[in-house]
Amino acid sequence: TPNLIGGIVLGYIWQFVFSRAFVNIGESTGWGLFEISWLSTPGKAFAALVLVTVWQLSGYMILIYIAGFMGLSEDVMEAASIDGATHMQKIRFITIPALAPTLAVLLIMNSGWIFNSNFEEFNLFSNSVNWQKMEVLDVYVYRYGLKMLDYSYATAVGIIKTAASLIMFFTVNIVAKRVNGRSLI
C-alpha cells in the first residue's frame, strides 16, 4: 500500500512521474496539462504535493471505509427492501447512519493530518522556481529555525501550530459527538 512506502522512496517515484512520465505523455498526446513538468510550475508543483498526499492516505482510508461497510447488517437491508425502500432510501436512512461512527473517526483523523506535511516529498519536489508556492508550515518552521537560526520565532510558530491542531481536534470531536452521539474523548 502507499502508506508503507517510505517518504523518500515515494518522493523519488513521484518526482519521476511528474518530471518525466507526465512530460512524455504530454509530448505523445499533445495534452497541454502534461507538456511541461509539474515540478517546474509553482501552481502545478503544489497540486502535485497535494495529489501525492491524497494518494498516500487514500488506501488507508479505503480500508477503514470497507471495514465500516462490512459491519452493515444484511438483515436490515433485506428488511428495508421488503418494506419497499428504494436504493436511495436505504443509503440515506440505513447506510449513512450506520457508517456515522466510521465517518466520525475518519473526520477526526483527517483533521489531524491537515497541519502535517510530507516533508520528504517537499524537499524532493521543490526547486528555485516553485518552493515559495509549495511551502507548508513545517517547512516554514524548518527554514526559520534551522536555516535562518531564528529559534525563538520557529518555536513560537510550532507552538501556534500545535495549538491550532488541538483546537481543530476538539472542534471536530465536538461535531462528531453532535452528529454521532459519541466522541473519541
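None of the values given here were measured: they were computed from a predicted structure. For every chain, the first residue of its written sequence is number 1, and the numbers climb from 1 along that sequence. Local features in this predicted model are restricted to residues whose pLDDT is 70 or higher, and side-chain atom pairs enter the listing and the counts only when it is 80 or higher, whereas totals over whole chains, interfaces and linings include all residues. Hydrogens are left out, water is left out, and the side-chain values use all remaining heavy atoms of the structure.

A. Spatial organisation of the overall build of the chain. Per the convention used, a helix needs a DSSP run of H or I reaching at least four residues, while a strand needs a run of E reaching at least two, with both numbered from the N terminus. The secondary structure content of the chain amounts to eight helices and zero strands. Reading the helices (α) and strands (β) of the chain from amino to carboxyl end gives α-α-α-α-α-α-α-α. Radius of gyration: over C-alpha atoms. The globule rule applied is 2.2 Å multiplied by the number of residues raised to the 0.38 power. Here the C-alpha radius of gyration of the chain, 22 Å, is well above what a compact globule of 185 residues would show, namely 16 Å. Summarising its shape, the C-alpha atoms of the chain cover approximately 65 × 50 × 25 Å along the three principal directions. Going through the 185 residues of the chain one by one, you find that 28% of them count as buried. About 11,600 Å² of surface is accessible on the chain, with carbon and sulfur atoms providing 67% of the total. We count Lys and Arg on the positive side and Asp and Glu on the negative side, and we leave His and both chain ends out. Where a charge sits is defined by one atom per residue type, namely NZ (Lys), CZ (Arg), CG (Asp) or CD (Glu). Between the averaged position of the 11 positive side-chain charges in the chain and that of its 11 negative side-chain charges there is a distance of 8 Å. Three labels apply to residues, based on accessible area from a 1.4 Å probe with only protein chains included: buried if under 20% of the type maximum, exposed if over 50%, partly exposed otherwise in between. Per-residue and other accessible areas were derived by the Shrake-Rupley procedure at a 1.4 Å probe size, with only the shown protein chains allowed to occlude residues.

B. View of the nonpolar core. The definition of a nonpolar core used throughout is a set of buried Ala, Val, Leu, Ile, Met, Phe, Trp, Tyr and Cys residues joined through side-chain atoms within 4.5 Å. Ranked by internal contacts, the top residues of the largest apolar core, which has 18 residues, are Trp-14, Phe-18, Phe-22, Trp-38, Val-52, Phe-125 and Met-134. Of all the elements in the fold, those that place two or more residues in this core are α1 (7-29), α2 (42-70) and α5 (119-125). At five residues, the largest contribution of residues to this core is made by α1. In this description, contact between two residues means that some pair of their heavy atoms is separated by no more than 4.5 Å. With sequence-adjacent residues up to four places away left out, Trp-38 is seen in contact with Phe-18, Phe-22, Leu-33, Lys-44, Ala-45, Ala-48 and Leu-51.

C. Quick look at the confidence of the model for the chain. Confidence scores per residue from the predictor, reported as pLDDT, run from 0 to 100. This prediction gives the chain a mean pLDDT of 82; 92% of its residues lie at or above 70. No element of the chain has a lower mean pLDDT than helix α6 (residues 131-134), which averages 71, and none a higher one than helix α3 (residues 74-82), which averages 90.

D. Structural detail: the pattern of salt bridges. We count a salt bridge whenever a side-chain nitrogen from Lys or Arg sits within 4 Å of a carboxyl oxygen from Asp or Glu. Tallying each qualifying case throughout the model produces one salt bridge. For Asp-138, the salt bridge goes to Lys-161, with nearest N and O atoms at 2.6 Å. With Asp-138 in helix α7 (residues 137-147) and Lys-161 in helix α8 (residues 151-180), this pair connects stretches of sequence that are 23 residues apart. In this structure Asp-138 comes out as partly exposed when scored by relative accessible area, which is 22%.

E. Representation of the packing of aromatic side chains in the model. Ring pairs are drawn from Phe, Tyr and Trp, using the six-membered ring of Trp, whenever the two centres fall within 6.5 Å, and their geometry is named by plane angle: stacked under 30 degrees, edge-to-face over 60, tilted for the rest. Within this structure, the stated rule accounts for 12 aromatic pairs. Ring centres 5.4 Å apart and planes at 80 degrees place the aromatic pair Phe-18 and Phe-22 in the edge-to-face group. With Phe-18 and Phe-22 both in helix α1 and four residues apart, the pair spans about one turn of that helix. A single burial state applies to Phe-18 and to Phe-22, both of which are buried. Among the aromatic side chains, those forming a connected cluster through ring pairs are Trp-14, Phe-18, Phe-22, Trp-31, Phe-34, Trp-38 and Trp-55.

F. Here's a closer look at the environment of Arg-143. Position of Arg-143 among the secondary structure elements: in helix α7. The buried category is assigned to Arg-143, whose relative accessible area is 16%. As for Arg-143 and Val-17, which are separated by 126 residues in sequence, their C-alpha atoms are 27 Å apart. Once residues within four sequence positions are removed from consideration, Arg-143 is found in contact with Trp-131, Glu-135 and Met-148.

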